[in-house]
Amino acid sequence: MDVDLMLLVIYTARLEECRAFYSELGFTLAPEQHGSGPLHYSTRFSRTTLCEFYPASDRSPATGPGLRLSLTLRPHPASPSPLPPGDHTLTDPDGRRLLLSLPASG
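The structure contained in this document is the topic of the report that follows. Bear in mind that the values here come from a model prediction, so they are computed numbers and not experimental data.

**Quick look at the sheet that holds strand β4 (residues 50–55)**
- Spatially, four strands are ordered β1-β4-β3-β2 in an open sheet, and the strand pairing comes out mixed. Each edge of the sheet is formed by a strand with only one pairing partner; in this case those strands are β1 (7–12) and β2 (30–32). Strand-to-strand twist in this sheet, taken as the mean axis angle between neighbours without regard to direction, amounts to 25°.
- Direction of pairing for β1 relative to β4: parallel, over a ladder of six bridges. Bridging from a neighbouring strand, V9 pairs with E52 of β4.
- Lying on the sheet, helix α1 (residues 15–24) is in contact with β1, β3 (40–44) and β4; it crosses β4 at an angle near 150°.

Written as structure tokens, this is what we have:
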């Protein structure tokens, strides 16, 4: 079986803190709002994968710290990463572990 991840939605009670955290790592988070829905942020992980950060609510509780993300981040030369090449384990504002691998350029 061949599977492509198309959408990852993360609900957070700390929307602006998460936006700042992921933006500082080099993610481009665009504000979005569909109709009368809540303001949220989205970023493309790849051509086929969209990640969205939505505010948590009674209907959609926060995605807890049990979610772990493991990503390879290839910074664009115009927006270098604040982290050096290598593997990094970070914790986002909601306590989720983020495993980032930044390959050496060249």
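What follows picks up the thread again.
**Quick notes on the layout of surface pockets**
- Considered as a void within the structure, the largest pocket measures approximately 410 Å³ in volume.
- Around the largest pocket, the lining is made up of 18 residues, and of these F27, R44, F45, L73 and R74 lie nearest the centre.
- For the lining of the largest pocket, the elements supplying multiple residues, two or more each, are β3 and β5 (68–72).
- Among the residues forming the lining of the largest pocket, the class breakdown is eight nonpolar, eight polar and two charged.
- By volume, the second largest pocket is sized at about 170 Å³.
- In terms of lining residues, the second largest pocket is bounded by 13 residues, among which P75, P85, P103, A104 and S105 are the most central.
- Here the lining of the second largest pocket is composed, by residue class, of nine nonpolar, three polar and one charged.

**Re the pairing of β5**
- Side-chain alternation along β5 places L69 and L71 on a buried face and R68, S70 and T72 on a face that remains uncovered.
- By the bridge criterion, five bridges tie β5 to strand β7 (residues 97–102) in an arrangement that is parallel. Residue pairing for β7: T72 is matched across the bridge by S101.

Calculation notes
Residues numbered from 1 in each chain as written. Predicted model: local features only at pLDDT ≥ 70, side-chain atom pairs only at ≥ 80, totals over all residues. Heavy atoms only, no water. Pairing = 2+ DSSP bridges. Helix = DSSP H or I, 4+ residues; strand = E, 2+ residues; numbered from the N terminus. Axes fitted to C-alpha atoms, helices over the stretch in contact; angles between N-to-C directions. Contact = heavy atoms within 4.5 Å. 1 Å grid on protein atoms, 1.4 Å probe; cavity = no way out; pocket = protein on both sides within 12 Å on 5 of 7 lines; lining within 4 Å. Points joined across faces, edges and corners; volume = space filled by probe spheres on them. Nonpolar A, V, L, I, M, F, W, Y, C, P; charged D, E, K, R; others polar. Buried < 20%, exposed > 50% of the residue type's maximum accessible area, 1.4 Å probe, protein only.

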